[in-house]
Amino acid sequence: MWGDSIVGFDIYSYQQRDGTVATWPMAAFSPRKANLTVYIMPGFADFGDQLAKLGPHKVSKSCLYLTNLQKNDLGALESIVRASYEWMRKKYGGQK
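Just so we're clear, the structure is a prediction, and the values are computed from it rather than from any experiment. (Residues numbered from 1 in each chain as written. Predicted model: local features only at pLDDT ≥ 70, side-chain atom pairs only at ≥ 80, totals over all residues. Heavy atoms only, no water.)

(A) Highlighting the nonpolar core. By size, the foremost hydrophobic cluster in this structure holds 12 residues: Leu36, Val38, Ile40, Phe44, Phe47, Leu51, Leu54, Leu64, Leu66, Ala76, Leu77 and Ile80. In contact with valine 38, not counting residues within four places along its chain, are Ala28, Phe29, Ser62, Cys63, Leu64, Leu66, Leu77 and Val81. Listed in part, the 8 residues of the second largest apolar core include Met26, Tyr39, Met41 and Cys63. (Core = buried A, V, L, I, M, F, W, Y, C linked by side-chain atoms within 4.5 Å. Buried < 20%, exposed > 50% of the residue type's maximum accessible area, 1.4 Å probe, protein only. Contact = heavy atoms within 4.5 Å.)

What follows is the structure in structure tokens.
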């Protein structure tokens, strides 16, 4: 658990702009009141095909917002999360 509402998997460390080192999960989600938020660390530039198949959603820099999983293609969601996690493991190695 990350805080009181984020479920995260694996961990990586990165350096912030001010020079401090922070940690964050490589893949995470948070079941919020308005939507389910899925954290996609590398962003969405490489996920256009999967997002087109996903169904209703919104994105921000690294967040995917889903309001009703019954209307989403879970195979497309799984593909996005797996590819994002694999990208993070290649870049950061993973610390579990």
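(B) Geometry of the packing of aromatic side chains. Under the counting rule described, the total for this entry stands at 5 aromatic pairs. Ring centres of phenylalanine 9 and phenylalanine 29 lie 6.4 Å apart, and the angle between their planes is 25°; on these two criteria the pair is classed as stacked. Taken together, the residues phenylalanine 9 in strand β1 (residues 7-9) and phenylalanine 29 in strand β4 (residues 27-31) connect sequence positions 20 residues apart. Note on phenylalanine 9: relative accessible area 44%, which makes it partly exposed. Overall, the relative accessible area of 30% leaves phenylalanine 29 in the partly exposed class. Centroid distance tyrosine 12 to tyrosine 92: 4.5 Å. Interplanar angle 40°. Geometry classified as tilted. Residue tyrosine 12 is located in strand β2 (residues 12-15), and its partner tyrosine 92 is located in helix α2 (residues 74-92); the two are separated by 80 residues in the primary sequence. Overall, the relative accessible area of 8% leaves tyrosine 12 in the buried class. (Phe/Tyr/Trp six-rings, centres within 6.5 Å; stacked < 30°, edge-to-face > 60°. Helix = DSSP H or I, 4+ residues; strand = E, 2+ residues; numbered from the N terminus.)

(C) Molecular detail of the sheet that holds strand β7 (residues 63-66). Pairing in this open sheet of 5 strands is antiparallel, and the strands run β1-β4-β5-β7-β6 from one edge to the other. The open sheet has two edge strands, β1 and β6 (58-59), and neither has a second partner. When β1 meets β4, the two strands line up antiparallel, connected through 3 bridges. Looking at β4, one finds that valine 7 is bridged to phenylalanine 29. Its contacts with the sheet put α2 on β4, β5 (36-40) and β7, and the angle it makes with β5 is roughly 35°. (Pairing = 2+ DSSP bridges. Axes fitted to C-alpha atoms, helices over the stretch in contact; angles between N-to-C directions.)

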